[in-house]
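Listed below, chain by chain, are the residues.
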Amino acid sequence: MDVNAAVAAAAAIAGVLTGVIAMLAFRWSERDLKRPTRTSLHTDPVLPPGVDTVLSVLRSSAVVLDEGDAVVKASSAAYALGLVRGGKLSVEPMLQMARDTRRDGEIRQVELDLPRRGTGRGEALAVSARVAPLGSRLVLLLVEDLTEARRIEAVRRDFVANVSHELKTPVGALSLLSEAVMDASDDPEAVERFAGRMQIEATRLTNLVQELIDLSRVQNDDPLEDAEPVRVDELVAEAIDRCRHAAGTKQINMATGGTEDLSIWGNRGQLAAALGNLVENAVNYSPARTRVGIAARRLTAPGGDHIEIAVTDQGIGISDKDKERIFERFYRVDPARSRATGGTGLGLAIVKHVAASHGGEVTVWSSEGQGSTFTLRLPEAGAARDRAQQHPDLDDEAGQSALSNSPTSPDSPAYETLSAPEVLP
């Protein structure tokens, strides 16, 4: 009997222990199931039908929160912006908005500036956050990145302000000069002098309006829609023709070399305007009896051959602090000199946009008092390259021989040795 009783007691104790262990294991598994995982953040079944599909096609960053502020669903854009970290919404103002909306059911919207993730430069992301209830327990947060829109708006405001200022100057001058002409109607010499000034201001106004139109066109049009092979020697000849009178007046020698048998793929009008602006700047900012050189060469690159056109002058040069800004619209290194030469501050901005829209770039080398070299690098036309391969005797000897140091500095990447130069007296 004692043995049987002991066995029964041991069996009873073992049964109780087994039941306790089973109960603990069940509760432990229930707690693990309730704990959110990274997979559940994207595929949690508590989302209403169809919501997952809708969120996946939204351009905005989307985050769905449950009643405990845990992330139920988050788009990849939300992770990229740094809104969700470790399964939690990391932006406190948005989290507070979600709690308020969960409490009263009202839709809320606010614009915030968030620190840019992974940078220590103090830059901020401008976002618009909108919170709305989703069913009875969930809250939906939609975040739109407004950073680029704000940047464009700032550029537009600056552009309008600059245009207004630039237009007011010649218009105001014309108004004053016309009054002076009326007051001096009985003085032929004064009338002639004031009329000459009016003509200068009218020309400046015409140039400004034309360059504004050109800049708008290169920014809005796709140059490759009407792209064609454009011969480099034709572009250079057109640029020289454009500046022939000004160069002859200042006795500036203009020489070209290496432009034969080279072609660029792009819009002829835009390419001519870009190169013409560079040559015109070189002439305007060069002292009398100096030299302006235009040379070209072919560059072989893994992604395709490019044509490089360099325009070198022996002018006043550009300081290091100004080099970073010279391609900005309306920026002038020397405003007084620019006005004297009729410059609008838009020429280099047009060059930059034309180069970028054609898949190329424009760079500058300069040293104060020694001159400058502006270099256009643009994709070569495929047809021109094929012709060069079919006729090896038409090698690029002229372009290669044109490559050498600048006439102003041994460090300049300009081309000085110009074959078959064209010289303007």
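Residues numbered from 1 in each chain as written. Predicted model: local features only at pLDDT ≥ 70, side-chain atom pairs only at ≥ 80, totals over all residues. Heavy atoms only, no water.

Undergrad: When you look at the overall build of the protein in this model, what are you seeing that I'm missing?
TA: Scanning the protein from N- to C-terminus turns up 14 helices and 14 strands. Burial status across the protein gives 40% buried among its 425 residues. Long-range contacts, defined as pairs at least 24 residues apart, comprise 65% of the intrachain contacts of the protein with a sequence gap of at least 6. (Helix = DSSP H or I, 4+ residues; strand = E, 2+ residues; numbered from the N terminus. Buried < 20%, exposed > 50% of the residue type's maximum accessible area, 1.4 Å probe, protein only. Contact = heavy atoms within 4.5 Å.)

Undergrad: Looking at this model, I keep getting lost on the packing of aromatic side chains. Mind explaining?
TA: For any pair of aromatic rings, the description rests on two quantities: the centre-to-centre distance and the angle between the ring planes. Applying the stated rule across the entire model yields one aromatic pair. Look at Phe327 and Phe374: their rings are 6.3 Å apart centre to centre, the planes differ by 80 degrees, and that puts the pair in the edge-to-face class. Taken together, the residues span a long stretch of sequence, with Phe327 in the loop between helix H10 (320–323) and helix H11 (335–341) and Phe374 in strand E14 (residues 371–379) at a distance of 47 residues. Residue Phe327 is classed as buried on the basis of its relative accessible area, which comes to 14%. Among the residues examined, Phe374 registers a relative accessible area of 9% and is labelled buried. In this structure, Arg193 is placed above the aromatic ring of Phe194, and the distance from its NZ or CZ to the ring centre is 5.1 Å. (Phe/Tyr/Trp six-rings, centres within 6.5 Å; stacked < 30°, edge-to-face > 60°. Lys NZ or Arg CZ within 6 Å of the ring centre and 35° of its normal.)

Undergrad: I'm lost on unusual backbone geometry in this one. Help?
TA: It is generally the case that most residues other than glycine have a negative phi and that most peptide bonds are trans. Positioned with a positive phi, Asp69 is a non-glycine residue whose angle comes to about 65 degrees. Exposure remark for Asp69: the relative accessible area of 12% places this residue in the buried category. Even without a glycine there, the phi angle at Asp261 is positive, about 60 degrees. If you trace the backbone, Asp261 turns up in the loop between strand E9 (253–257) and strand E10 (263–266). The class of Asp261 is partly exposed, set by a relative accessible area of 38%.

Undergrad: Help me understand the sheet that holds strand E13 (residues 361–367), please; the structure alone is not making it clear to me.
TA: The strand order across the open sheet formed by five strands is E9-E11-E12-E14-E13, and the pairing between neighbours is mixed. The open sheet is flanked by E9 and E13, the only strands paired with a single partner. Neighbour-to-neighbour, the strand axes of the sheet open up by a mean angle of 15 degrees, direction not taken into account. Sheet analysis places strand E11 (residues 291–299) next to strand E12 (residues 306–312), joined by seven bridges and oriented antiparallel. Across the sheet, Arg297 pairs through a bridge with Glu308, a residue of E12. (Pairing = 2+ DSSP bridges. Axes fitted to C-alpha atoms, helices over the stretch in contact; angles between N-to-C directions.)

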